[in-house]
Amino acid sequence: MNWRTLITSRMLFWVVIGLVLVGAGVDVVRHYLDSADGPKPARSAEAPDATLNSPRALSAIDLVDGAGKPFGLASFKGRWSLVMLGYTHCPDVCPFTLSNLAAVHKEMAKRLTPDEMPTVVFVSVDPERDTVDKLDQYVRYFEPKFRAATGTKPKVDRFVAEIGGFYEFGRKRGEGAYEVNHSAEIFVIDPSGRLLAKLEPPLKPAATTELFRGLVAAYKSARTSKLAKRPGKDES
Amino acid sequence: MITGPRVMSRAMPNRLQPTLIAATMLLVALMAIRPALAADKVMVSDPWVREAPPNMSMHAAYAVLHNKSKAPVDLVSAKSPAYRMVELHLSKIEAGMATMVKQDQITIPASGMVKLSPGSFHFMLMHPRRTVSAGDRIEIIMGFADGKSQSFQAKVKKGGGMSDMKHHHGH
């Protein structure tokens, strides 16, 4: 082997090293520039907001629960309920909201008395795809105490109208897939079976619990004053 | 100056030469790999798949897509060996309404990023070929408008509410 070959391979070696170093340098600089305007923190969630209406008494409700048993007005009376509309073929918003509700539920369990604890009810507006047993399994995944309800389309429509909610089916796509646009609010129903408030997402555990405690306190004091007034009819 | 390397090379023992050639070849190989790595215009960070309740046929995958190039990049399709169908979707929670619309493309701005996250853009994973549960790794292959594709792995996670997402960003 002569020295020319040796020089060539030696020079090639250094040329290649040089190129690699320059390349790596460019990558490092680029990475630094990227990370400078890289991942930003998630948009800070706003505090939940209750749209307080004058309480609306609900009337005929004729749904079925996750066990296939009737779920009517009587199921709402005597307990607090948080109702959410949705459908199980919803991979993003519904599981996100149910996960947030599970966190709210956990926080409420720490701060509310058992009689103040609301029942979370997931009402499917897509009864064609959401059978009751499927629904039951679905909601209990997020929190074993959550309940599911649905019904035939006219009965679901009636319920949605009762609570002032909304839903609409999207266009059918390939393989029969379709989306359902629906109210994202959480409907608060008091133990007298009246729609009391709508909670706007996102739901933060501490803030939502605080807001809910306010609703419970207002409800209790209204009841107390009503009861207190009864014996003193002659005064008014 | 020119004589320098000659002197040095003459001084170098012949048995070093195979080592030198091997090192050169290794570096050339590295050079060949480097452009392939740099060709990934999009950097994927924080990928995850939301674990769904049992027997659900729809899952959602999220990630932050960073565009390292000086031109916008259009994500036009996605697929996964673990699912029969994958689509790009945009959810919105606005004025008390939750909506979801299939997207033909998601544009990642030049030198910018798009955050795929709950209540916003996401990969909609449909009809899993087998049970998908927390801890699994799902491969997602993104297709871009220029015909190129790029894949990444996303870990399936349980939970995925707001309070859990804080932990995602904490690591």
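Scroll up for the structure.
Our subject in this report is the structure included herewith. These numbers come from a predicted model, not from an experiment.

## Some points on the pairing of strand 2 (residues 58-67) of chain B
Residue and element names in this part refer to chain B.
Move 1: Among the 10 residues that make up strand 2, 10 are buried, leaving the element largely enclosed by the rest of the structure.
Move 2: Residues of strand 2 alternate between two faces, with M58, A60, Y62, V64 and H66 on one and H59, A61, A63, L65 and N67 on the opposite face, all of them buried.
Move 3: Bridging between strand 1 (residues 42-50) and strand 2 involves six bridges; their strand directions are antiparallel. Paired with W48 across the two strands is Y62, which belongs to strand 2.
Move 4: As paired elements, strand 2 and strand 7 (residues 113-116) share four bridges and run antiparallel to each other. Within strand 7, the position partnered with L65 by the bridge is V114.

## Overview of the side chain of D92 of chain A
Move 1: Tracing the backbone shows D92 of chain A in the loop between strand 4 (81-86) and helix 3 (93-111).
Move 2: Buried charged residue D92 of chain A carries no salt bridge. Nearest counter-charge: R50 of chain B, at 4.7 Å.
Move 3: Within the local environment of D92 of chain A, its side chain forms a polar contact with the backbone nitrogen of G119 of chain B, the two atoms lying 2.9 Å apart.
Move 4: For D92 of chain A, the residues in contact, after removing those within four places along its chain, are R50, Y62, S91, S117, P118, G119, S120 and H122 of chain B.

## Considerations on empty space enclosed by the protein
All names here are of chain B.
Move 1: In the structure shown here, the tally under the stated rule is four cavities of 30 Å³ or more.
Move 2: The calculated volume of the second largest cavity comes to roughly 50 Å³.
Move 3: When residues in the lining of the second largest cavity are grouped by element, the largest group, three residues, is from strand 2.
Move 4: For the lining of the second largest cavity, a count of residues per class yields nine nonpolar, two polar and one charged.

## Looking at the packing of aromatic side chains
Residues and elements named next belong to chain A.
Move 1: For the coordinates displayed, the defined rule picks out 11 aromatic pairs over all chains.
Move 2: On the numbers, 5.3 Å between centres and 75° between planes, the contact of W80 with F212 is edge-to-face. Of this pair, W80 sits in the loop between helix 2 (73-76) and strand 4 while F212 sits in helix 6 (residues 205-229), placing them 132 residues apart in sequence.
Move 3: F212 sits in the buried class, given a relative accessible area of 1%.
Move 4: By the ring-pair criterion, three or more aromatic residues cluster together here, those being F122, Y138, Y141 and F142.
Move 5: Over the ring of Y178 we find R129; its NZ or CZ atom is 3.5 Å from the centre of that ring.

Cut-offs and rules
- Residues numbered from 1 in each chain as written.
- Chains lettered and ligands numbered in written order.
- Predicted model: local features only at pLDDT ≥ 70, side-chain atom pairs only at ≥ 80, totals over all residues.
- Heavy atoms only, no water.
- Buried < 20%, exposed > 50% of the residue type's maximum accessible area, 1.4 Å probe, protein only.
- Helix = DSSP H or I, 4+ residues; strand = E, 2+ residues; numbered from the N terminus.
- Pairing = 2+ DSSP bridges.
- Lys, Arg positive; Asp, Glu negative; His and termini not counted.
- Salt bridge = Lys/Arg side-chain N within 4 Å of Asp/Glu carboxyl O.
- Polar contact = N/O pair within 3.5 Å; in protein donor to acceptor, adjacent residues only side chain to side chain.
- Contact = heavy atoms within 4.5 Å.
- 1 Å grid on protein atoms, 1.4 Å probe; cavity = no way out; pocket = protein on both sides within 12 Å on 5 of 7 lines; lining within 4 Å.
- Points joined across faces, edges and corners; volume = space filled by probe spheres on them.
- Nonpolar A, V, L, I, M, F, W, Y, C, P; charged D, E, K, R; others polar.
- Phe/Tyr/Trp six-rings, centres within 6.5 Å; stacked < 30°, edge-to-face > 60°.
- Lys NZ or Arg CZ within 6 Å of the ring centre and 35° of its normal.

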